[in-house]
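Here are the chains, one letter per residue:
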Amino acid sequence: MRLAWLPALGLGGCLVAALVQSACRVGLLWGVATAEVPWVHVPDRTLEVVEALAAVGGLGCFALTALLWLVWEGRAYVAMVRLPRASWSTSVGAVVGFWFVPGANLVVPLRHLEELWCNLAPEEERPEASAPRLLRTWWWAWTGAWALLGAALWLGESQASLVVPNAALDVLVTCARATAATLAAVVLLRLDARLAAATG
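So, a few notes on the structure that sits alongside this text.

Reading the values: the criteria
- Residues numbered from 1 in each chain as written.
- Predicted model: local features only at pLDDT ≥ 70, side-chain atom pairs only at ≥ 80, totals over all residues.
- Heavy atoms only, no water.
- Helix = DSSP H or I, 4+ residues; strand = E, 2+ residues; numbered from the N terminus.
- Buried < 20%, exposed > 50% of the residue type's maximum accessible area, 1.4 Å probe, protein only.
- Contact = heavy atoms within 4.5 Å.
- Areas by Shrake-Rupley, 256 points an atom, 1.4 Å probe, with all protein chains shown as cover.
- Salt bridge = Lys/Arg side-chain N within 4 Å of Asp/Glu carboxyl O.
- 1 Å grid on protein atoms, 1.4 Å probe; cavity = no way out; pocket = protein on both sides within 12 Å on 5 of 7 lines; lining within 4 Å.
- Points joined across faces, edges and corners; volume = space filled by probe spheres on them.
- Nonpolar A, V, L, I, M, F, W, Y, C, P; charged D, E, K, R; others polar.
- Core = buried A, V, L, I, M, F, W, Y, C linked by side-chain atoms within 4.5 Å.
- Patch = residues over 30% accessible without salt bridge, like charges linked within 9 Å, V, L, I, M, F, W, Y side chains within 5 Å.
- Phe/Tyr/Trp six-rings, centres within 6.5 Å; stacked < 30°, edge-to-face > 60°.
- Expected span 1.5 Å × (residues − 1).
- Disulfide = S-S within 2.5 Å.

Bringing the overall build of the protein into the picture now. For the protein, the helix and strand inventory stands at 6 helices and 0 strands. Along the protein, from the amino end to the carboxyl end, the secondary structure elements read α-α-α-α-α-α. Counting only residues that meet the buried cut, the protein has 39% of its 200 residues in that class. Taking all contacts inside the protein whose residues are at least 6 apart in sequence as the whole, residues at least 24 apart take part in 69%. Counting every atom, the protein has about 11,200 Å² of accessible surface; 67% of that belongs to carbon and sulfur.

Opposite charge on two side chains permits them to pair, given that their charged atoms come into close proximity. Under the defined criterion, the tally for this structure stands at 1 salt bridge. In this structure, the salt-bridge partner of Glu114 is Arg136, at a minimum N-O distance of 3.1 Å. Pair noted here: Glu114 is in helix α4 (residues 108-119) and Arg136 is in helix α5 (residues 133-158), with a separation of 22 residues, a long-range link. Arg136 sits in the partly exposed class, given a relative accessible area of 43%.

Take the environment of Ala152 next. Looking at the secondary structure, you find Ala152 in helix α5. Taking the C-alpha atoms as reference points, Ala152 and Leu172, separated by 20 residues in sequence, lie 9.3 Å from one another.

Approximately 1,200 Å³ is the volume attributed to the largest pocket. Lining the largest pocket are 40 residues; nearest its centre among them are Phe62, Trp142, Trp146, Leu149 and Arg177. Secondary-structure elements contributing two or more residues to the lining of the largest pocket are α1 (5-34), α2 (44-81), α5 and α6 (163-199). In terms of residue count, the dominant contributor to the lining of the largest pocket is α5 (11 residues). Residue composition of the lining of the largest pocket, by class: 28 nonpolar, 8 polar and 4 charged.

Counting residues in hydrophobic clusters, the biggest one holds 33 residues, and the most contacted among them are Trp69, Trp72, Leu116, Leu120, Trp138 and Leu191. Of all the secondary-structure elements, those providing two or more residues to this core are α1, α2, α4, α5 and α6. Tallying contributions element by element places α6 first for this core, with 9 residues. Each residue touching Leu116, except ones within four places of it in the same chain, is listed here: Trp72, Ala76, Tyr77, Met80 and Leu191.

Looking now at the environment of Leu149. Relative to the assigned elements, Leu149 resides in helix α5. With a relative accessible area of 24%, Leu149 lands in the partly exposed category. For the pair Leu149 and Asp170, spaced 21 residues apart in sequence, the C-alpha separation works out to 8.1 Å.

The subject of this paragraph is a nonpolar patch on the surface. A contiguous nonpolar surface patch, about 300 Å² in accessible area, is contributed by Trp5, Leu6 and Leu9. Its location among the elements puts Trp5 in helix α1.

Turning to the packing of aromatic side chains, a few remarks are in order. Aromatic ring pairs: the centre-centre distance and the angle between the two ring planes describe each pair. Here the structure, examined in full by the defined rule, presents 7 aromatic pairs. Relative to Trp139, the ring of Trp138 has its centre 5.3 Å away and its plane inclined at 75°; by these criteria the two rings are edge-to-face. Trp139 shares its class with Trp138; the two are buried. By way of ring pairs, the aromatic residues Trp69, Trp72, Trp99, Trp138 and Trp139 are connected into one cluster.

A rise of 1.5 Å per residue sets the reference length of α4, with its 12 residues, at 16 Å; its end C-alpha atoms lie 17 Å apart and thus fit the reference within 8%. Most of α4 is tucked away: 11 of the 12 residues are buried. Of all the positions in α4, only Val108, Pro109, Leu110, His112, Leu113, Glu114, Glu115, Leu116, Trp117, Cys118 and Asn119 are classed as buried.

Under the counting rule described, the total for this entry stands at 0 disulfides. Of all cysteine sulfurs in the structure, the one in Cys14 sits closest to Cys61, which takes part in no disulfide; the separation is 3.7 Å.

Quick look at the structure:
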């Protein structure tokens, strides 16, 4: 099994954890508003425990997935640099490091992935190669999901009494995270397929 499948599976695990956590949160919020849980015979305490376990599991899954993604991206960049006529703008260390630079990590990692995509094109197509819209679509979904998550956390802390808006925003955040995770897995596997084709 190629390394790219490990972060792809990790993204799937993050998605499952997010869905479970969101379902529990919506159930708890609904219980606050109506004095009953929408699922029959499910005590609030059970939902709280499941939500906490999903949150911890999701966080651990995200950390492991992020590590595997960075390992894959670093190895892919090394392989790209060795290709004939490849052109690159930075070092492997910078490719990984810019993910941790506030502000720059909103723009620079996308440029590195676009550069990787173009350099993995067949040699005869490389001078005119361009990255597909899929990369930017995933990137905006990814950054948008984080922005929505921040808004949801703020609303949940400062406006806890607004049950319906909190529940609606929680569902929206989950949808955004699911979209971002799915697109990330597609981007990863398509890049890995191009890498395999380019390096033989």
